[in-house]
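# Working through the structure, step by step
Single-letter residue listing:
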Amino acid sequence: MKILFVTSECAPFSKSGGLADVAFSLPPALQKAGCEVQVITPYYKCVKDRFADEIEFVRATEITLGSAKLYCGLLKGNLSGVPVWFLDNEDLFKRDRLYGYDDDKFRFAWFSKAVIDLMQEIDFVPDILHCNDWETALCHMYLKDDMARRSDYRNVRSVFTIHNIAYQGQFGADDLTTTFALDPGWYNGGLGYEYQGRHDINLMKGAMLMADAVSTVSPTYARELHTRRLGKGLEGVCDIIEGKMYGILNGIDPDHYDPGKDPRIPANFTVRARSGKAKCKKYIQEAFGLRPEPYWPLFAVVARLVDQKGIDLIRRLMPRLMKRGIQLIVFGQGEQRYVDYFNECNEKYAGQFGFSDQYTEDMAAKIFAGADFYLMPSQFEPCGLSQMMAMRYGTVPIVHETGGLKDTVRPYSDFDGIGDGFSFNDYNPKDLLLAIEAGLQVYFAEHEVFELIRERCIKKDFSWNKSAHAYLKMYADICGNGSDPNVTFQDAYDAMEVIYTDLAETRNKYLEQLPDDYLTVCQIRIEGPGEGTFYVKFTKDGMEMAPYSYDGADVTIATTFDNLYNIAIGTANPNRLFIKGQLKIDGNLSKGAEMLYLIGQKKL
């Protein structure tokens with residue numbers, strides 16, 4: 001399957017927020033899962049300044065948008081083996097910031113038009129055009145227009161991912177023809193949007209209606225978008241498109257955020273040898289002018305200083321937090337009123353509170369590694385990556401139960417001992433304070449339990465592997481009935497090998513308990529696209545896979561590739577498939593069920 005990933009920012013080349021991190025991690029994960037992936041993004045000034053030596057100029061061309069005919073430089077780079085195309089126009093992108101200019105609507109309309117016009121020129125007409133946020137929303141409209149004229153584009157399917165519905169690309173109705181060069185019929189064809197008595201156009205609304213599938217960055221956020229509070233005026237559109245809407249949790253690159261080998265942090269540590277974390281704590285205490293107290297709980301906030309991130313709750317609780325005897329670091333840029341307030345706190349609570357708005361990725365990593373608790377009381381949070389990064393470094397999160405925060409942090413309960421963080425439900429200072437006090441109680445009174453929670457945080461799997469396969473399922477849904485009709489057996493086998501290998505830890509713990517002569521062989525027959533047979537052999541020493549049939553297998557399981565990998569990643573219920581006849585089991589039924597357990601599923 002060929003996927004063209006369209007994004008207005010892509011780390012490490014350009015970044016203003018979480019979208020850049022997604023563009024950094026998801027395309028390589030999709031490629032690892034067997035897709036052919038390319039990325040396309042603007043060639044900003046920051047990209048040229050930092051990466052010009054790593055990017056090759058390919059050729060120059062022109063892009064026409066309405067009456068404007070503008071130069072377009074086509075350049076090519078690389079991201080973990082994934083080709084990255086950069087579109088260059090100095091008048092539009094040679095600027096100090098990525099966004100925030102009066103002509104943003106034209107800049108990204110031109111970029112979106114260039115993406116569609118250049119698919120043939122870069123020799124990559126994809127099966128899936130995957131666009132992100134309002135800056136690329138117009139790709140869907142320009143694609144639909146071209147599909148009416150170009151037969152080579154008629155099989156392209158499109159996906160639109162909403163990273164934050166608060167930023168919708170809302171402009172005056174006149175821009176439809178004057179700026180975006182679209183036919184007036186598009187106003188009633190999806191872009192029209194009545195807002196506060198005005199008749200505007202809304203690019204995100206248009207993309208949601210025109211795309212073949214719409215995804216959001218966490219399952220909880222996908223549900224929240226149907227509410228008036230979080231739908232931001234588009235909750236009705238979300239209701240209309242519910243049948244093609246997917247909530248897929250973002251991930252992070254576990255190798256990039258690995259406390260055992262991260263060169264950015266003062267001392268490395270692992271889940272088994274954690275002495276380096278104390279050294280990281282001492283380092284950031286000194287860096288932010290805090291007293292070097294090894295036993296004081298150190299809280300951290302690494303966030304944009306805006307209301308969405310719950311900064312108002314922290315501000316209202318500040319005097320009470322300081323009386324609790326904790327240390328707190330706030331690190332981030334944002335609204336001047338918050339910057340001024342935290343600078344005042346720097347003086348008022350010297351030695352106990354530290355603040356800086358000189359944000360760098362390296363210092364953020366040091367803070368994640370050194371803090372004991374990570375505060376993230378966001379009003380709403382589509383997914384959130386910071387809590388995942390903090391947990392990867394053994395920093396225990398305290399979060400508001402919303403969006404991806406609810407999906408990634410399981411609150412600790414002393415009743416059953418389960419959980420890897422602390423949370424609160426109602427958005428108010430009192431409930432945040434109760435969550436903080438619950439964390440402090442465990443930190444001081446049950447330190448062994450706190451260290452167990454810290455260990456769970458480090459070990460929690462936030463990799464892109466499961467999410468990548470959920471994206472593959474979505475892609476397959478819109479390309480045909482279930483599996484990609486063009487998938488080969490080798491593609492299917494490679495994808496299943498990745499999934500089964502990722503579940504090795506759960507499987508091997510089970511195998512360790514079995515007799516030395518243990519042997520189970522399960523033969524799997526893929527039906528339909530990707531047709532073929534492979535076997536999985538389990539012994540005391542682990543698992544073996546091979547793309548062949550196996551004479552004398554204990555059990556044979558037959559189903560489609562689509563069903564097979566959805567069983568493995570947990571998005572399909574094997575019970576229902578078995579009852580409906582979509583999952584066939586021949587041979588020793590108990591061993592077939594056992595195999596499902598061994599790859600991470602419950603028994604039939």
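Our structure's up above, just so we're on the same page.
These notes cover the structure that comes with them. Computed from a predicted structure; not experimentally measured. Each chain carries its own residue numbering, running from 1 in the direction its sequence is written. The predicted nature of this model means local features are confined to residues of pLDDT at least 70 and side-chain atom pairs, given and counted, to a pLDDT of 80 or more, with totals for whole chains, interfaces and linings taken over all residues. Only hydrogens and water are removed before side-chain values are computed, so all heavy atoms of the structure are retained for them.

## Quick look at the nonpolar core
Among the buried residues, those of types Ala, Val, Leu, Ile, Met, Phe, Trp, Tyr and Cys that are joined through side-chain atoms within 4.5 Å form a nonpolar core. A 1.4 Å probe rolled over the protein chains alone gives each residue an accessible area, and that area as a share of the maximum for its type sets the label: buried under 20%, exposed over 50%, partly exposed in between. Counting residues in hydrophobic clusters, the biggest one holds 129 residues, and the most contacted among them are Leu87, Val115, Leu129, Met208, Tyr475, Tyr500 and Phe534. The next biggest cluster of nonpolar side chains, apart from the first, holds 76 residues, and it includes Cys280, Phe331, Cys383 and Leu440.

## With respect to the side chain of serine 158
Every helix listed is a DSSP run of H or I at least four residues long, and every strand listed is a run of E at least two residues long, numbered separately from the N terminus. Tracing the chain through its elements places serine 158 in strand β7 (residues 157-162). A contact between two residues is defined here by any heavy atoms of the two lying within 4.5 Å. Every residue in contact with serine 158, bar those within four places of it in the chain, is listed here: Leu129, His140, Leu143, Met210, Ala211, Asp212, Ala213 and Ile478.

## Digging into the packing of helix α18 (residues 429-445) against helix α19 (residues 447-459)
Think of each axis as a best-fit line through the C-alpha atoms, taken over the contacting stretch in the case of a helix, with angles from 0 to 180 degrees between the N-to-C directions. The N-to-C vectors of α18 and α19 enclose an angle of 115°; their axes lie 5 Å apart at closest approach. The angle between α18 and α19 falls in the class roughly perpendicular. Where α18 abuts α19, its residues Val442, Tyr443 and Ala445 lie against His447, Val449, Phe450 and Ile453. Gly is placed with the polar residues, together with every amino acid not listed as nonpolar (Ala, Val, Leu, Ile, Met, Phe, Trp, Tyr, Cys and Pro) or charged (Asp, Glu, Lys and Arg). For the contact of α18 with α19, a count of residues per class yields six nonpolar, one polar and no charged. Convention used here: angles under 35 degrees read as roughly parallel, angles over 145 as roughly antiparallel, angles from 65 to 115 as roughly perpendicular, and any remaining angle as oblique.

## Remarks on the sheet that holds strand β16 (residues 373-376)
One requirement defines pairing of two strands: DSSP has to find at least two bridges between them. One open sheet accounts for six strands, arranged β15-β14-β13-β16-β17-β18; its pairing is parallel. Each edge of the open sheet is held by one strand with a lone partner, namely β15 (353-356) and β18 (422-424). Geometrically, the sheet is characterised by an average inter-axis angle of 15° between neighbouring strands, direction not taken into account. With respect to the sheet, helix α14 (residues 336-348) is in contact with β14 (327-331) and β15, its orientation differing from that of β15 by roughly 140°. Packed onto the sheet, α18 meets β13 (298-302), β16, β17 (396-400) and β18 and runs at close to 160° relative to β18.

## Notes on the side chain of lysine 309
One can find lysine 309 in the loop between β13 and α13 (311-323). Apart from the residues within four sequence positions on either side, lysine 309 is in contact with Ala303, Arg304, Pro377, Ser378 and Glu381.

## Overview of the sheet that holds β7
An order of β3-β4-β5-β2-β1-β6-β7-β11-β12 is seen for the nine strands of this open sheet, with the pairing classed as mixed. Because the sheet does not close on itself, it has two edges, and the strands there are β3 (56-65) and β12 (245-247). When the angles between neighbouring strand axes are averaged without regard to direction, this sheet yields 25°. Bridge analysis of strand β1 (residues 2-6) against strand β2 (residues 36-42) gives five bridges, and the strand direction is parallel. If you follow lysine 2 over to β2, its bridge partner there is glutamate 36. On the sheet, helix α1 (residues 18-32) packs against β1, β2, β4 (68-79), β5 (82-88) and β6 (128-132) and is oriented at approximately 170° with respect to β1.

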